[in-house]
Amino acid sequence: MPTCRRKRVVLTEPSQALLQVAETNPGKDVYYLHQTGEIFETYEAYAARMSFYRLKQFQCEVTGRSGLDYFQALESEQQEAQTMHSRFPEPLKAAVLKAVQWQVVGRLDHLVEAVFDRFKDRYFADEKVYVDVQGDKFYARILHVCPPKHGPNSMDTEKQASTSTSPPVSTPEESVQIHKIGGDLKIPTKETLALDDPLKYSYNVQILEEQHDRSHEKGKLSLKEKVKWSGSVMDVQCAVMSRDRLAFSKSILRRFIRDCVDRDAAVASPWTVKEAVAKHYGVDSVMPEETRKGVETIKRGEIDKRKKAWEDKEGPPTKKQKKMTAAQEERVKALAAAAEKREREAREKAEKQKAKEEAERLAAEKKKKKPIRYPTEDLDIQISEKGKKIGARVQKPVPSRTLLPFAEDPVAFESFLMAWNFLVVYGQPLHLSAFTMDEFEHALRHSAAETPCVMLGEIHSTLIYNLRTVPFSRHSAVLSLLRLKDALEDDHKVYGVTIEQLTAVMADVGNNWDRVPLRQADLRSGWEDALLGCLKDHATTANFPRLREILTRLLFAPESNLESSASSSSSRVSSATPQVLSISSLPSERYYSLPPADRIAILAFMCNLAVTSKAIHAHMDSCEEQLTALRKEKIEINRMKKQYTEEMNALSGEVEAKQNQTVNGAEDSTVPDLSDLSDSPSEEGSESASATSGRRKSSSRQKDLRQRAHTQAHSKQREIARAKVAAEKQAQAEYRRLDEEVNKIERRLEAIEREFRKLLGAIRVKPLGKDRFHNRIWWFDGLGSTSLLGSGGVVQYGAGRVFVQGPTQMDVDLMSKRDDDIDSRRQEEEGEGMLAPNEWAAYTEPEEIDEFVAWLNTKGIRELALKNAMTKWWNHIVPGMRKRLSDVNVNARLPEARRSTRVKHTSGHDISREPYMMWTNRRAVNSA
């Protein structure tokens, strides 16, 4: 049986309720696990059990192999059991099982030892053994077993060869009587040897063919003699017999016994042969009365032994006393109660004293705290009074909740953020140019139907083209609305329109959305109808809860054609009174009257569907491959940078050494010149000039030689100096070249980091990090198809802000389990900036980011990692924020300038000059 965590897996039995139901209702449907035969009443129970069996935590009990599921372990056990049963001698099985039946032995190892010692020299008829004949081993089969003859004429133990025909093999009844005393484990070993000595048995064996044995190839007998012995019959004894170790050994005997016997968990329970095995081998499954009494005696003795050991542990047993009177009994009871009370009081006093000592010890340990090793858990770090005095920032700068896009609706903001990030990150497979978050927000707020927004048409068209590759069901929206109608009242209306009216109008709109061409040259004309057709085939009330309301707004118009109501719907605060729509219309006429929340819901739904498209998945796979290539390139570039740096260090060391050598050489070269001047022999010549003229000629000749030698020495020094200067210049030039290479490598590493961020953002978007209160910090610029730098190194941005998301509910629960008061600390350090779980806010000013980074404490694990990440991207975060603020201010001044100069005859500014209206899709491929 497979084991799980060292315990056998017990199969699930059907419940009593299920068995009763099976009796009353035999046709009841149940769940049947055919591998184990288990029956379950519910699918949940069946699935839970199957999931448990599929876990890779089971172990094969026979081989010990682990890391398997239940069925693999069971199959392994069955294969090993089959192999073991085929190898284990068949005539020996019944005798071994009869020997172990009803044995009370604590450990299986001890039982195996006892059985092995009893049967290693006892053989049975029809067994195949090895027989030693004149130093060579032959494979033989036992034909007959002759028990010892008790009496003065004992059987001769010498082997007798015979060429007669084989005598009949012993019958099973005769085999049972063989070794009956020796195979009984209840009889001590010494008695069995005296009554049934295995050495006195004689075995009539027949030599078989030699192909089964290779151990005698180097024996003493010749090939002719070996052939002579083949097929012969002889009488032998156990001294010259042996079994194959693959058929009979302690390990295979242990596996055989463990596979065939079992034992209860009670104390001193006997080993019992499994019922099916006992029936097959003729082993008695009914315990004899004598055996049962013996087992009960052993069990009772074991229980008494344990009871005595427990009593000895508790205390010495009281002496047996004579029977007391009633008064004496009452007195003894009173004394016992008083003693018990005193003992209880002493015990309580000792426990109180122990608790007091433990509290004192803990207090002392708290005072002698070990020094904290930083970085550590952020919430364990408290700003000390000394830190406050030297200017450590206590309160975090407050992020703005009102400057978020669609801040009045948190759900709409999260959907807006998801849709914008998806469209920007996957711009390349969607064939959509990048746009900023502000442009996307203004496009979703655009409500002027007479001036169509190009961005909205391009976004919806590219998503429609993408969703044509995603499997869909025709008219799924209509079917889901009809199912909703059955669950609602017949006259239930939304905006004054029933489901029947809605489905009737839907039937003729957008039916060929998956084939209609949406050309960029035609400004994607017809994309509104295609959008409604896409929603008809992809959306249901289950995956798009606002489906009915949005379809009603797209297909119906109000009776009074009030444009003011349409424009008010796109404001930040939607009207509280529902609008009545009764006139059928077209999506192209009604889309711009949709409120921004509905437009965001449509885009979020389409983006969630587009994630499953093949184009997006192929782009993700491509990004993974590019990331792998970038990682390899980064490793190679870092290796080259290290090599160049080592060469630069070596060159700088050589230049310094040569400069020091030049200075020392110049100092040393002046000494011989001075010595030549001081010890010059010309002085001697001048002193002796007045003496003789010969001396003058010799002195002049020496002077010329000295001058010539001096000139040659100076020329050599100048050559050496010029060579040194040239070498230094060459070394400096090489140093500058290596420095330039290192600078190029660093610029390439920066580009790799930017490219790595772009590609990684297409696979999964991760926050920059968390602060001490588990607030998540998000920066969405430079992901996917966007870039942090434009042509010529111009700063680019997508969001131009740093977003802060509140902690998850799990993080809040973990913080609340701490000993200190987290809520008061958050109120003190975050103030108004304390965010609820998953609430959003944003930093829009570079000064706020400076203050936030100054507030981070690098002694904490999370804030250290966050500060490192923000420092890494600091040169892109702050310039992007400044660029966005500059663009916002410029766009805010443009309408004033336009109203004062050119458009004097109109009351409003030209909306077509807004940045979101001037956006163009340079990646479009459907221009034809």
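For clarity, every value in this text was computed on a predicted model and none was experimentally measured. (Residues numbered from 1 in each chain as written. Predicted model: local features only at pLDDT ≥ 70, side-chain atom pairs only at ≥ 80, totals over all residues. Heavy atoms only, no water.)

**Side note on the side chain of Asp537**
This is how it is decided: Where helices and strands are cited, they refer to DSSP runs of H or I of at least four residues and of E of at least two residues respectively, numbered from the N terminus. Three exposure classes are used, based on accessible area relative to the maximum for each residue type with a 1.4 Å probe and protein chains only: buried under 20%, partly exposed in between, and exposed over 50%.
As for its placement among the helices and strands, Asp537 is situated in helix H20 (residues 527-538). Overall, the relative accessible area of 4% leaves Asp537 in the buried class.

**Concerning the pattern of salt bridges**
Cut-off, in case you're wondering: We count a salt bridge whenever a side-chain nitrogen from Lys or Arg sits within 4 Å of a carboxyl oxygen from Asp or Glu.
Overall, the coordinates contain 46 salt bridges when judged by the stated rule. A salt bridge links Arg54 to Asp69; the shortest N-O distance between them is 3.8 Å. With Arg54 in helix H2 (residues 43-54) and Asp69 in the loop between strand E5 (58-59) and helix H3 (70-87), this pair connects stretches of sequence that are 15 residues apart. When its relative accessible area of 45% is taken as the criterion, Arg54 is described as partly exposed. In this structure, the salt-bridge partner of Glu633 is Arg748, at a minimum N-O distance of 3.0 Å. Here Glu633, found in helix H25 (residues 614-678), pairs with Arg748, found in helix H27 (residues 693-763); they are 115 residues apart in sequence, far enough to count as distant. Note on Glu633: relative accessible area 28%, which makes it partly exposed. Connected through shared salt-bridge partners, Lys396, Asp771, Arg826 and Glu830 make up one network.

**A closer look at the environment of Gln103**
Spelled out, the test is: Any two residues having at least one pair of non-hydrogen atoms within 4.5 Å are treated as being in contact. Residues adjacent in sequence count toward polar contacts only when both atoms are side-chain atoms; beyond that, a polar contact is any pair of N or O atoms within 3.5 Å, and within protein one must be able to donate a hydrogen and the other to accept it.
You can see Gln103 is positioned in the loop between helix H4 (90-100) and helix H5 (108-119). Residue Gln103 is classed as buried on the basis of its relative accessible area, which comes to 9%. C-alpha of Gln103 to C-alpha of Lys186: the two residues are 83 residues apart in sequence and 7.9 Å apart in space. With residues up to four places along the chain from it excluded, the contact list for Gln103 reads Leu111, Leu185, Lys186, Pro270 and Trp271. A distance of 3.4 Å separates a polar side-chain atom of Gln103 from the backbone oxygen of Ala99.

**Some details on the sheet that holds strand E1 (residues 3-4)**
Applied cut-off: Strand pairing requires that DSSP identify at least two bridges connecting the strands.
Overall, antiparallel pairing links the three strands, which are arranged E2-E1-E5 in an open sheet. A single partner strand is all that each edge strand has here, and the edge strands are strand E2 (7-8) and E5.

**With respect to the packing of H3 against helix H9 (residues 250-260)**
Applicable threshold: To obtain each axis, a line is fitted to C-alpha atoms, and for helices this fit is confined to the stretch in contact; angles are then taken between N-to-C directions over 0 to 180 degrees. Take the far helix as your reference; a near helix turned counterclockwise from it by less than a right angle gives a left-handed crossing, and one turned clockwise gives a right-handed crossing. Amino acid classes used here: Ala, Val, Leu, Ile, Met, Phe, Trp, Tyr, Cys and Pro are nonpolar; Asp, Glu, Lys and Arg are charged; the rest, including Gly, are polar.
Taken N-terminus to C-terminus, the directions of H3 and H9 make an angle of 115 degrees; their axes are 10 Å apart at the nearest point. Judged by the twist between their axes, the crossing of H3 over H9 is left-handed. Between H3, through Glu80, Ala81, Met84, His85 and Arg87, and H9, the contact on the second element is made entirely by Ile252, Arg255, Phe256, Asp259 and Cys260. For the contact of H3 with H9, the class distribution of residues is five nonpolar, one polar and four charged.

**Focus on the pairing of strand E9 (residues 202-207)**
Judged by how many residues are buried, E9 sits mostly within the fold: six of six residues are covered. Residues of E9 alternate between two faces, with Ser202, Asn204 and Gln206 on one and Tyr203, Val205 and Ile207 on the opposite face, all of them buried. Examined bridge by bridge, E9 and strand E10 (residues 233-236) share four bridges and lie antiparallel to one another. If you follow Gln206 over to E10, its bridge partner there is Val233.

**Side note on the confidence of the model for the chain**
Note the cut-off: The predictor attaches a confidence to each residue, called pLDDT, with possible values from 0 through 100.
Scored by pLDDT, the chain has a mean of 82; 84% of the residues are at 70 or more. Counted against residues more than four places away or in other chains, residues 669-690, with its pLDDT under 50, gives 12 contacts. Taken as a whole, residues 896-907 scores under 50 in pLDDT and shows seven contacts with residues more than four places along the chain or in a different chain.

**Some words on H2**
Note the threshold: By this rule, a helix spans an expected 1.5 Å times one less than how many residues it contains. When we speak of the arc, we mean the arc of directions from the helix axis to the C-beta atoms.
Between the first and last C-alpha of H2 there are 16 Å, a value that for 12 residues agrees with the 16 Å anticipated at 1.5 Å per step. Looking at H2, one finds that the buried residues are Arg49, Met50 and Tyr53. Looking down the long axis of H2, one finds its buried residues gathered within 100 degrees of arc, a one-sided arrangement. Where H2 is buried, its residues touch strand E3 (31-33), strand E4 (38-40), E5 and H3.

**Focus: the sheet that holds strand E18 (residues 802-805)**
With antiparallel pairing, the four strands of this open sheet are ordered in space as E16-E17-E18-E19. The sheet terminates laterally at strand E16 (769-770) and strand E19 (840-843), the two strands that pair on one side only. With four bridges connecting them, E18 and E19 associate as antiparallel partners. Across the sheet, the residue bridging to Val802 is Tyr843, located in E19.

**Here's the deal with the packing of aromatic side chains**
To be explicit about the condition: Two rings from Phe, Tyr or Trp (for Trp, the six-membered ring) form a pair when their centres sit within 6.5 Å of each other. Planes less than 30 degrees apart are called stacked, planes more than 60 degrees apart edge-to-face, and all others tilted. In this scheme, the term charge over a ring applies when either NZ of a lysine or CZ of an arginine sits within 6 Å of the ring centre and within 35 degrees of the ring normal.
Under the defined criterion, the tally for this structure stands at 35 aromatic pairs. Here the aromatic rings of Phe40 and Tyr46 are separated by 6.2 Å at their centres, their planes lie at 70 degrees, and the arrangement is edge-to-face. Judged by relative accessible area, which is 6%, Phe40 ranks as buried. Directly above the ring of Tyr465 sits Arg468, whose terminal nitrogen or CZ lies 4.6 Å from the centroid. One cation-aromatic arrangement involves Arg772 over Trp855; the distance from NZ or CZ to the ring centre is 3.9 Å.

**Some points on the packing of helix H17 (residues 454-467) against H20**
The condition is simple: Every angle not falling under 35 degrees, over 145, or within 65 to 115 is termed oblique; those three ranges are roughly parallel, roughly antiparallel and roughly perpendicular.
For the pair H17 and H20, interaxial distance at closest approach is 10 Å and the crossing angle is 40 degrees. As judged from the angle between their axes, H17 and H20 are oblique. Crossing of H17 against H20: the hand is left-handed. Contacts between H17 and H20 involve Leu456, Gly457, His460, Ser461, Ile464 and Leu467 on the former and, on the latter, Trp527, Ala530, Leu531, Cys534 and His538. Here the contact of H17 with H20 is composed, by residue class, of seven nonpolar, four polar and no charged.

**Thoughts on the nonpolar core**
This is how the line gets drawn: Buried residues of nine kinds, namely Ala, Val, Leu, Ile, Met, Phe, Trp, Tyr and Cys, make up a nonpolar core once their side-chain atoms join them within 4.5 Å.
Ranked by size, the top nonpolar core spans 93 residues in total, and within it Leu423, Phe435, Leu463 and Phe803 carry the most contacts. At 10 residues, helix H14 (residues 410-425) tops the list of elements feeding residues into this core. Beyond its immediate chain neighbours, meaning those up to four positions away, Phe803 contacts Leu404, Phe413, Met437, Arg776, Ile777, Trp778, Phe780, Trp840, Ala841 and Ala842. Within the second largest apolar cluster, 29 residues are counted, among which are Val115, Phe119, Ile252 and Val277.

**A look at the pairing of strand E6 (residues 128-133)**
As judged from the six bridges shared by E6 and strand E7 (residues 136-146), these two strands associate in the antiparallel manner. Directly across from Tyr130, in E7, lies its bridge partner Tyr139. From the end of E6 to the start of E7, which pair antiparallel, there are two residues, and Gln134 there has a positive phi angle of about 55 degrees. Bridge count for E6 against strand E11 (residues 241-242) is two bridges, and the pairing is antiparallel. Residue Val131 lies in a different strand from E11, and its bridge partner there is Met241.

**A word on the layout of surface pockets**
What counts, and what does not: A 1.4 Å probe that fits but cannot get out identifies a cavity on a 1 Å grid over protein atoms alone, an open set with protein on both sides within 12 Å along at least five of seven lines counts as a pocket, and a residue lines either if it has an atom within 4 Å of a point. Grid points are joined across faces, edges and corners, and a volume is the space filled by probe spheres set on the points.
The computed volume of the largest pocket comes to approximately 1200 Å³. In terms of lining residues, the largest pocket is bounded by 46 residues, among which Thr436, Asp438, Glu439, Tyr797 and Asp887 are the most central. Within the residue set of the lining of the largest pocket, elements represented by two or more residues are helix H16 (437-445) and helix H32 (874-900). Top contributing element to the lining of the largest pocket by residue count: H32, with nine residues. Split into classes, the residues belonging to the lining of the largest pocket amount to 17 nonpolar, 14 polar and 15 charged.

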